[in-house]
Amino acid sequence: MSAVLRVEADGGSRGNPGPAGFGAVVKDAATGEVLAEVAESIGRATNNVAEYRGLIAGLKAARAIDPGARVEVRMDSKLVVEQMSGRWQVKHADMRVLAQEARALAGGDVDFGWIPRAQNSHADRLANEAMDAAAAGKQWQRTAAPTGRPAAPANPDAPPTTIVLVRHGSTALTEQRRVSGRYGEDPALSERGRAEAVAAAACPDVVGADVVLSSTLRRSRETARAIADRLGLEVTVDPLWDETDFGDWDGLTAGEVVKRWPAEFAAWNESGSAAPPGGESLLTVERRVLQARDALLRRWAGQRVVLVTHGDPLRVLLRSVLGVGPQMQRRIHVDPGSRTLLRYRADGTSEVLAVNRL
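Everything numeric in this text was worked out from a predicted model, so none of it was measured.

Caption draft 1: Region of interest: the packing of aromatic side chains. Tallied over the full model, the rule gives 5 aromatic pairs. Residues tryptophan 249 and tryptophan 261 carry aromatic rings whose centres are separated by 6.3 Å and whose planes lie at 50° to one another, so their mutual orientation is tilted. A residue pair is termed long-range when its members are at least 10 positions apart, and tryptophan 249 in the loop between strand 9 (235-237) and helix 8 (254-260) and tryptophan 261 in the loop between helix 8 and helix 9 (262-270) qualify at 12 residues. No difference in accessibility class separates tryptophan 249 from tryptophan 261, as the two residues are buried. For the ring pair tryptophan 249 and phenylalanine 265, a centre distance of 5.9 Å and an interplane angle of 55° mean the geometry is tilted. With tryptophan 249 in the loop between strand 9 and helix 8 and phenylalanine 265 in helix 9, this pair connects stretches of sequence that are 16 residues apart. Summarising the burial analysis for this pair, tryptophan 249 and phenylalanine 265 share the class buried.

Below, the structure is given as structure tokens:
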């Protein structure tokens, strides 16, 4: 076991006080490997209470992994870091109770340090999931294998699973650079898109594939059909792989969206919890995509799977392997008809083999 464990924790509320939740992740400090995640919605609370609850949950998870390990805690809450380091007093009675619990768990071998929010994106994402649930009036808790790393199967020596991610071919909306989401027009492939699908079907990446999987949307199914026909396979369809629901933005160009919703578009570009009016947040999409990924790895373990999907689900999978947060989602470009290859080993590790291959 690692000699040093790193706890990254966060918490917040929508309203301060308001619907609140926390998230924490435990990593091997030397390698950055994620060892545990924990998150929970906690009803109505303040930001500070939620942040302390995240710290406590992270410390408990670290002690459960290795009771004797040294622990370093990194948070973007200056208040909690300074109070736990003994430099600031804890004045509020409720906070003193939480601080005492955290100190009891920390003992004398925990180093506390502040990090910018951008470096705390993993815990921040978990906390936002918990707050989403709290805002919806739901009790929600997560104690699981890492979001970016599926739980390893019983046999770590089993062959790896390769996922060939294919972005669907172009449509008229793609060529006009218009938003095309889950519940919009559902366009067919254009002439260019059909050519891209044929090219994808003939590429070496899909040779020898065992499965062709697609979202339910027409552009994806038509691309998958071209590949499956070439391979002599059937297409399996799963709605969890559908594109984001872009709500009121569907069918518009980015320029039109920015003109009508400048603040909402800016927030959507930077935050996983922001959603288009009437649409889905990235965190909502991420939850269903990672659920679909885990089901895929269970059902087709050790096989080569061609997955025809859309820009957002594809980027979510790529980010999960790379271990980067939602703020990177809009900075990853994937062309229509391109292939991105991911390999998932049976020991739970994964790697990127290629990105945006044409």
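Caption draft 2: Region of interest: the domain arrangement of the chain. One can read the domain layout of the chain as domain 1 (4-136) and domain 2 (161-357). With 7 residues of domain 1 at the interface, the matching set in domain 2 holds 7 residues. With both sides pooled, the region where domain 1 packs onto domain 2 buries about 560 Å², and carbon together with sulfur makes up 51% of that total. On the surface where domain 1 and domain 2 come into contact, there are 2 salt bridges.

Caption draft 3: Spotlight on helix 3 (residues 93-106). Taking 1.5 Å as the rise per residue, helix 3 with 14 residues should run 20 Å; its terminal C-alpha atoms sit 20 Å apart, in good agreement. Within the span of helix 3, buried status applies to Met95, Leu98, Ala99, Ala102 and Ala106. For helix 3, the angular spread of the buried residues around the axis is 100°, confining them to a single face. Counted as exposed and oriented over 90 degrees from the buried face of helix 3: Val97, Gln100 and Ala104. In this structure, the buried side of helix 3 is in contact with helix 1 (47-65), helix 2 (78-84) and strand 5 (110-114). With its phi angle positive at about 65°, glycine 107 sits one or two positions after the end of helix 3.

Here is what the cut-offs are and how they apply
- Residues numbered from 1 in each chain as written.
- Predicted model: local features only at pLDDT ≥ 70, side-chain atom pairs only at ≥ 80, totals over all residues.
- Heavy atoms only, no water.
- Phe/Tyr/Trp six-rings, centres within 6.5 Å; stacked < 30°, edge-to-face > 60°.
- Helix = DSSP H or I, 4+ residues; strand = E, 2+ residues; numbered from the N terminus.
- Buried < 20%, exposed > 50% of the residue type's maximum accessible area, 1.4 Å probe, protein only.
- Domains from an automatic or database assignment.
- Contact = heavy atoms within 4.5 Å.
- Buried area = accessible area lost by both parts, 1.4 Å probe.
- Salt bridge = Lys/Arg side-chain N within 4 Å of Asp/Glu carboxyl O.
- Expected span 1.5 Å × (residues − 1).
- Arc of directions from axis to C-beta.

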